[in-house]
Amino acid sequence: MSLVFAGACSHAPGITGRAHRADPAVRDRFYANLDRMRLALEAARPDALVVIAAEHFANFFMNNMPSLCVGMGESYEGPIEDEEWLRIERGRIPGAPDLSQRLITEMMHEVDLAYAQEWKFDHGIMVPLHFLTPQYTLPIIPVNINCQGPPLIPLERCWAFGRALRQACDRAPERIAVIATGGISHWPATPDSGKINEPWDRAFLDKFLNNRRAELLAYTDEATYREAGQGGLEIRTFIALAGCTEGSRGELWFYAPIPIFAVGCTVAVIDIAPLAGGRAAAA
Amino acid sequence: MSLYHVQKLIYQLNRDPSVRKQYEENFDALLAGFELTAEELRAIRDPDIGLLYVMGVNGQLLMHYAALRGYEWDAYIEAMRQGEQRYGPVRTGLYKRAGGSP
């Protein structure tokens, strides 16, 4: 089979942890679109969901930091954070180890990867799962792109990773869904938490949703940091998804800055087009 | 000794229940396992969340340590602001790149 669903959404811990402090009207529209995304995901009948995330020092630290890591566990635990702080109950999330191993093996023809059979999910994965598979019934394959501890993987390598993931999915018999989850502009967990650069976000989303590769890869970390905060470095997850859905266009279902969530809250779904070229063409 | 060791301590506290237990039962013994300066030890023990921020501790680590030490969200944000006022701009790490406040 191939890729049956692709989308992107935010993952900030405030989305659940500080839900009671947001403007209910905006928050509830955001939640409604996350639920719409859940319904679309379920309608695609995936066998597994790949979550391209940017974790926050839950499993990976500067003693041995992979640029790219893919989970290969039987199951995962989450959230690693205090349950009351995140307001998500801790649970066990099923993995898809056999499919993971085949995807990793296939992707290694194109990109260098780390893999992990143990992984504690932080809010970067748990917040999306809380809305998209609240009973944790869908097998998950986590992907981490280091967006926290520089040096960070270049954007063109994120695209290459996404493209390699797509090629691997296209060779697998399973029905596979992929989501990217990250902030766009934001300054999380700093004195500037709550600051959001909406024009920057909307310009980025326009490029992302129209899959404009050259424009996406033209971002520099220096400019992103200056204009979109350290949280903006998480655009790597979106760019990986754009590589995975190369040639496809997306639709923005929801975007609104919600300062107490410390991010411009986003829900987007990609209308998946066939990938042009194969492994040889991408080399 | 370095930002690395301060962050590593907090990383382990955040993720490892056995380290959290050590913190609860014998914090000094836990701290002895890390290469920390007197200033770093004070900032961690007090805790001085503002100083830890100015030292360059990443907020993704620091917000959990602040919560562990009883800081509600607004108090955590305020502590970092006060830290900048008291100790000056962020000294090193990711947040230094924009000259202090990102």
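Whatever comes next refers back to the structure up there.
Parameters at a glance
- Residues numbered from 1 in each chain as written.
- Chains lettered and ligands numbered in written order.
- Predicted model: local features only at pLDDT ≥ 70, side-chain atom pairs only at ≥ 80, totals over all residues.
- Heavy atoms only, no water.
- Buried < 20%, exposed > 50% of the residue type's maximum accessible area, 1.4 Å probe, protein only.
- Helix = DSSP H or I, 4+ residues; strand = E, 2+ residues; numbered from the N terminus.
- Pairing = 2+ DSSP bridges.
- Contact = heavy atoms within 4.5 Å.
- Buried area = accessible area lost by both parts, 1.4 Å probe.
- Salt bridge = Lys/Arg side-chain N within 4 Å of Asp/Glu carboxyl O.
- Polar contact = N/O pair within 3.5 Å; in protein donor to acceptor, adjacent residues only side chain to side chain.
- Nonpolar A, V, L, I, M, F, W, Y, C, P; charged D, E, K, R; others polar.
- Axes fitted to C-alpha atoms, helices over the stretch in contact; angles between N-to-C directions.

### Focus on helix H10 (residues 235-244) of chain A
- Within H10(A), 10 of the 10 residues are buried, which leaves the element mostly enclosed by the surrounding structure.
- Buried within H10(A) are the following residues: Ile235(A), Arg236(A), Thr237(A), Phe238(A), Ile239(A), Ala240(A), Leu241(A), Ala242(A), Gly243(A) and Cys244(A).

### Details of the pairing of strand E4 (residues 75-78) of chain A
Residue and element names in this part refer to chain A.
- Of the two faces of E4, the one holding Tyr 76 and Gly 78 is buried and the one holding Ser 75 and Glu 77 is not buried anywhere.
- Note: E4 against strand E5 (residues 91-94), four bridges, orientation antiparallel. When the sheet's bridge partners are listed, Ser 75 is paired in E5 with Pro 94.

### Observations concerning the interface of chain B and chain A
- Taken together, the contacts link 29 residues of chain B with 31 residues of chain A.
- Roughly 2,600 Å² of surface becomes buried between chain B and chain A when both sides are summed, with 60% attributable to carbon and sulfur atoms.
- Linking chain B with chain A are one salt bridge.
- In this structure, the salt-bridge partner of Asp74(B) is Arg21(A), at a minimum N-O distance of 2.9 Å.
- In this structure, the connection of chain B to chain A is made through eight residue pairs in polar contact (both at pLDDT 80 or more).
- Of all elements in the fold, only helix H1 (3-15), helix H6 (59-68) and helix H7 (73-87) of chain B reach the threshold of two or more residues within the side of chain B that touches chain A.
- At seven residues, the largest contribution of residues to the side of chain B that touches chain A is made by H7(B).
- Of the residues contributing to the side of chain B that touches chain A, the split by class is 15 nonpolar, seven polar and seven charged.

### Quick notes on the pattern of salt bridges
All names here are of chain A.
- All chains considered together, the criterion is met by 21 salt bridges over all chains.
- For Asp 98, the salt bridge goes to Arg 102, with nearest N and O atoms at 2.8 Å. With Asp 98 and Arg 102 both in helix H4 (residues 97-107) and four residues apart, the pair spans about one turn of that helix.
- The salt bridge partner of Asp 206 is Arg 212, with a shortest N-O separation of 2.5 Å.
- Residue Asp 206 is classed as partly exposed on the basis of its relative accessible area of 36%.
- Note on Arg 212: relative accessible area 28%, which makes it partly exposed.
- One salt-bridge network, held together by shared partners, links Asp 35, Arg 38 and Glu 42.

### Observations regarding the sheet that holds strand E7 (residues 140-145) of chain A
Residues and elements named next belong to chain A.
- In space, the eight strands of this open sheet follow the order E6-E3-E7-E2-E8-E1-E10-E9, with mixed pairing throughout. If you trace the sheet from one side to the other, it starts and ends with strand E6 (114-116) and strand E9 (249-258), each paired once. Taken pair by pair, the neighbouring strands of this sheet meet at an average axis angle of 15 degrees, ignoring direction.
- Here strand E1 (residues 3-9) runs beside strand E8 (residues 176-181); their pairing, made up of six bridges, is parallel. Residue pairing in the sheet places Gly 7 in a bridge with Ile 179 of E8.
- This element, helix H2 (residues 24-43), spans E1, strand E2 (48-53), E8, E9 and strand E10 (263-271) of the sheet and lies at about 155 degrees to E9.

### What to know about the environment of Asp122(A)
Residue and element names in this part refer to chain A.
- With respect to the element layout, Asp 122 can be found in the loop between E6 and helix H5 (123-132).
- Once the C-alpha coordinates of Asp 122 and Asn 59 are considered, the two residues, 63 residues apart in sequence, prove to be 8.8 Å apart.
- For Asp 122, the contacting residues outside a window of four places in its chain are Glu 55, His 56, Ala 58, Ile 80 and Glu 81.

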